[in-house]
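Spelled out from the first residue to the last, the chains are:
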Amino acid sequence: MQIVGDLLTATEQSGQEGIKTTSLLTKANLSHSRLSKFLENLTGAGLINKIEFDGKNTFVITSKGRQYLESYVKFSNIAESFGLEL
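Residues numbered from 1 in each chain as written. Predicted model: local features only at pLDDT ≥ 70, side-chain atom pairs only at ≥ 80, totals over all residues. Heavy atoms only, no water.

Peer 1: Explanation requested: unusual backbone geometry in the structure shown.
Peer 2: Backbone geometry follows two general trends: most residues other than glycine have a negative phi, and most peptide bonds adopt the trans configuration. Not every positive phi belongs to a glycine, and Asn29 is a case in point at roughly 55 degrees. Along the polypeptide, Asn29 turns up in the loop between α2 (21-28) and α3 (32-44). Of the residues examined, Asn29 reaches a relative accessible area of 68% and is grouped as exposed. Even without being a glycine, Asp54 presents a positive backbone phi close to 55 degrees. Relative to the assigned elements, Asp54 resides in the loop between β2 (48-53) and β3 (56-61). (Helix = DSSP H or I, 4+ residues; strand = E, 2+ residues; numbered from the N terminus. Buried < 20%, exposed > 50% of the residue type's maximum accessible area, 1.4 Å probe, protein only.)

Structure representation (structure tokens):
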């Protein structure tokens, strides 16, 4: 859940221009193969959109992704207030 939250946060912070795969690799600190699996799941769930241009992929968060991220942050804050780590 935390990795998904980190990926969505990085994607949201990039704004409407989106974020490229290399930047996501750096921010999420994941291997390319592992990141690819997460991105496949996130695009399949409709949380992010993949835009292909000139052979390069850019990812933009969707409104559903923003809602998920907002709920995750609330849940994370509640868990933290009870002394739980995610």
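Back to the text.
Peer 1: Can you walk me through the pairing of β3 in this structure?
Peer 2: On any regular strand, side chains alternate: one points to one face of the sheet, the next to the other face. As judged from the 2 bridges shared by strand β1 (residues 19-20) and β3, these two strands associate in the antiparallel manner. Counted as the bridge partner of Lys20 is Thr58 from β3. For β2 and β3, the ladder comprises 6 bridges, and the chain directions are antiparallel. Bridge pairing in β3 links Ile51 to Thr58. What sits between the antiparallel neighbours β2 and β3 is a turn of 2 residues, in which Asp54 has the positive phi angle 55 degrees. (Pairing = 2+ DSSP bridges.)

Peer 1: What's the story with the pattern of salt bridges in this structure? I'm lost.
Peer 2: Pairs can form between side chains of opposite charge whenever their charged atoms are close. If you walk through the whole model with that rule in mind, you get 3 salt bridges. A salt bridge links Lys50 to Glu52; the shortest N-O distance between them is 3.8 Å. (Salt bridge = Lys/Arg side-chain N within 4 Å of Asp/Glu carboxyl O.)

Peer 1: Help me out: how do you make sense of the packing of α2 against α3 in this one?
Peer 2: When two helices pack together, their arrangement is captured by the angle between the axes and the distance separating the axes. Put simply, α2 and α3 touch, their axes get as near as 10 Å, and they point 105 degrees apart. Overall, the two elements α2 and α3 adopt an arrangement that is roughly perpendicular. Here Thr21, Leu24 and Leu25 of α2 come into contact with α3, specifically with His32, Leu35 and Leu39. (Axes fitted to C-alpha atoms, helices over the stretch in contact; angles between N-to-C directions. Parallel < 35°, antiparallel > 145°, perpendicular 65-115°, else oblique. Contact = heavy atoms within 4.5 Å.)

Peer 1: Honestly, the side chain of Thr11 in this entry has me stumped. Any pointers?
Peer 2: Residue position: Thr11 is located in helix α1 (residues 2-13). Looking at Thr11, its side chain comes within polar contact range of the main-chain oxygen of Leu7, at 2.7 Å. Every residue in contact with Thr11, bar those within four places of it in the chain, is listed here: Ile19, Leu24, Ile48, Phe59, Val60 and Ile61. (Polar contact = N/O pair within 3.5 Å; in protein donor to acceptor, adjacent residues only side chain to side chain.)

Peer 1: Please clarify how α3 should be interpreted in this entry.
Peer 2: In an α-helix, one turn spans 3.6 residues; hence positions three or four apart end up facing the same way. Here α3 is 13 residues long and its end C-alpha atoms lie 18 Å apart, about the 18 Å a rise of 1.5 Å per residue gives. Inspection of α3 places Leu35, Phe38, Leu39 and Leu42 among the buried residues, and these make up the whole buried set. For α3, the angular spread of the buried residues around the axis is 100 degrees, confining them to a single face. Opposite the packed face of α3, turned more than 90 degrees from it, sit the exposed residues Lys37, Glu40, Asn41 and Gly44. In this structure, the buried side of α3 is in contact with α1, α2, β2 and β3. Backbone geometry just after α3 places Gly46 at a positive phi near 80 degrees. (Expected span 1.5 Å × (residues − 1). Arc of directions from axis to C-beta.)

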